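Results of the structural survey
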Amino acid sequence: MTKKENLLKGFVKENPLFVSVLGMCPSLAVTTSLENAIGMGIGVFFVLVLSNLIISLIMSNEKLAELVKPVRIPVYIVVIATLVTIVEMFMHAFLYDLYLSLGVFIPLIVVNCIILGRAEAFASSNKPVDSVLDGVGMALGFTGAIAIISIFREFLGAGSITIWGSLSINLSFIFDFLGMEPIAMFVQPVGAFLSFGLILAGITAIGNKRAEKLAKGVKANG
Amino acid sequence: MDKIIALAFTAFIAENILLSQFLGICPFLGVSKKRSSALGMGFAVLFVMLISSMVTWVLYKYVLETLSIEYMRTIVFIIVIASLVQMVETFIKKVSPGLYKALGIYLPLITTNCAVLGVAILNISKEHNFGEMVIYTTFIGLGFIFVMFIFSMLREKIDKAPVPKAFQGIPIALVVAAILAIIFSRFGGII
């Protein structure tokens, strides 16, 4: 695989959230506003890129790899937990509002399946540069996916989209035009399941259409 | 007494771990296709959750706080949970092979179940004392089993229903979970 493919596969083709359906818990819980989703994305980006780098550095050293192999999962978890603690302390110090609204989901990045999954499936058997590119692609794919869900939820549920701090887009005029109130249900837990289900179904439908078209094209050509 | 009942009720239904706190969604969607496996997973989680919450609570109060290294919380907790799961697995294998066979495949999966680490951290951040911690954790675990059980029965029915192609699998499961969440969130008004 080329370097470009390694980077880009996380965006659409192997998107961790919409295709592999990993890391469900944070993507349901923190998508109440775009700001939370971006904050979560930054945390996952930092942890995933660095954990991929460190783990591939460990595993590409032959002597070290032999030593680590029988206990590799605990080693991965300790590496990831250390990085998560750094993120947690950083957010506590500099982004306190975000720290409060993400709450328990910052330490829970440790058990996010995407990170351990990439460590085991990719970083442990690839070169450091490729692993970093893979981490960047996967983290951006994840951030993009939770951003889509949070825009969907925040727009329907609150009528506005908070980008960062006081910077927000007010879209309530659309609801005024339609003569209705924003549907508060969408920012509540109920909305998380419903929006994720609908978006996932939409993406599957698009994928199915494409596959059909491709099949038809093959038939016409053959 | 009122306080304890309110705490138990909140943990069991109003703030249900799956439907309002979104912890442990992976097993919720992954192993809820059959009633028996949903129950097996549920009890394994309750068991590990209770033991690990007790151990991490004691460790936090008497080791991390006295040494004032609270920032080590995440690392210490995940190591404790991972080794506890290993120990519980070995213990059950030795003492009750029947139970081990029933839980077998679910036990190692629990390490990466965010519900276990999540509850351990919630118990610390909500500043529960030991008694409150035990009650809270038990009822969170029972709530997990309860919802898993209902959901697995629903999914057994869905399997036989004509679901649109795009909704098959996870999307329809999420929509059903949303309907369940509506029902559960209304119970919050009782307290």
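Up top is the structure.
Predicted, not measured: the structure shown is a model, and the values here were computed from it. Every residue gets a number counted from 1 within its own chain, in the order that chain's sequence is written. Chains carry letters from A onward and ligands carry numbers from 1 onward, assigned in written order. Per-residue local features are limited, in this predicted model, to residues with pLDDT of at least 70; the limit for side-chain atom pairs, both in listing and counting, is 80 or more; totals at the level of whole chains, interfaces and linings are taken over all residues.

Let's talk about the overall build of chain B
The condition that has to hold: Strands are runs of DSSP state E lasting at least two residues, helices are runs of H or I lasting at least four, and both sets are numbered from the N terminus onward. A residue is called partly exposed when the number of other C-beta atoms within 10 Å of its own lies between 12 and 20, exposed at 12 or fewer, and buried at 20 or more, with C-beta atoms placed from the backbone. What counts as a contact is two residues whose backbone-derived C-beta atoms lie within 7 Å of each other.
Helices and strands together make up the secondary structure of chain B, namely 9 helices and 0 strands. When its helices and strands are written in sequence order, chain B yields α-α-α-α-α-α-α-α-α. Counting only C-alpha atoms and orienting by the principal axes, one finds that chain B spans roughly 60 × 45 × 30 Å. Looking at chain B as a whole, 39% of its 191 residues qualify as buried. A separation threshold of at least 6 residues defines the contact pool for chain B, and within that pool the share at least 24 residues apart is 77%.

What to know about the packing of helix α4 (residues 73-95) of chain B against helix α7 (residues 114-125) of chain B
Residues and elements named next belong to chain B. How we decide: Axis lines are fitted to C-alpha atoms, over the contacting stretch for helices. Their N-to-C directions set the angle, which ranges from 0 to 180 degrees. For classification purposes, angles smaller than 35 degrees are called roughly parallel, those larger than 145 roughly antiparallel, those between 65 and 115 roughly perpendicular, and all remaining angles oblique. Crossing handedness follows the turn of the near helix against the far one: under a right angle anticlockwise gives a left-handed crossing, and clockwise gives a right-handed one. Residue type decides the class: Asp, Glu, Lys and Arg count as charged, Ala, Val, Leu, Ile, Met, Phe, Trp, Tyr, Cys and Pro as nonpolar, and the leftover types, Gly among them, as polar.
Following both chains from N to C, one finds α4 and α7 inclined at 130 degrees, their axes separated by 10 Å at the closest point. The orientation of α4 with respect to α7, classified from their angle, is oblique. For the pair α4 and α7, the sense of crossing is right-handed. Of the residues in α7, those in contact with Phe77, Ile78 and Ile81 of α4 are Val116, Leu117, Ala120 and Ile121. Of the residues contributing to the contact of α4 with α7, the split by class is 7 nonpolar, no polar and no charged.

Structural notes on the interface of chain B and chain A
The partner chain A presents 34 residues to the 31 residues of chain B that form the contact. The greatest single-element share of the side of chain B that touches chain A, amounting to 9 residues, is contributed by helix α9 (residues 170-186) of chain B. When its residues are assigned to classes, the side of chain B that touches chain A shows 24 nonpolar, 6 polar and 1 charged.

Describing the environment of A:Ile163
Following the sequence through the fold, A:Ile163 ends up in strand β1 (residues 160-164). Between the C-alpha atoms of A:Ile163 and A:Asn36, which are 127 residues apart in sequence, the distance is 8.9 Å.

Any link to function would need more than the numbers given here.
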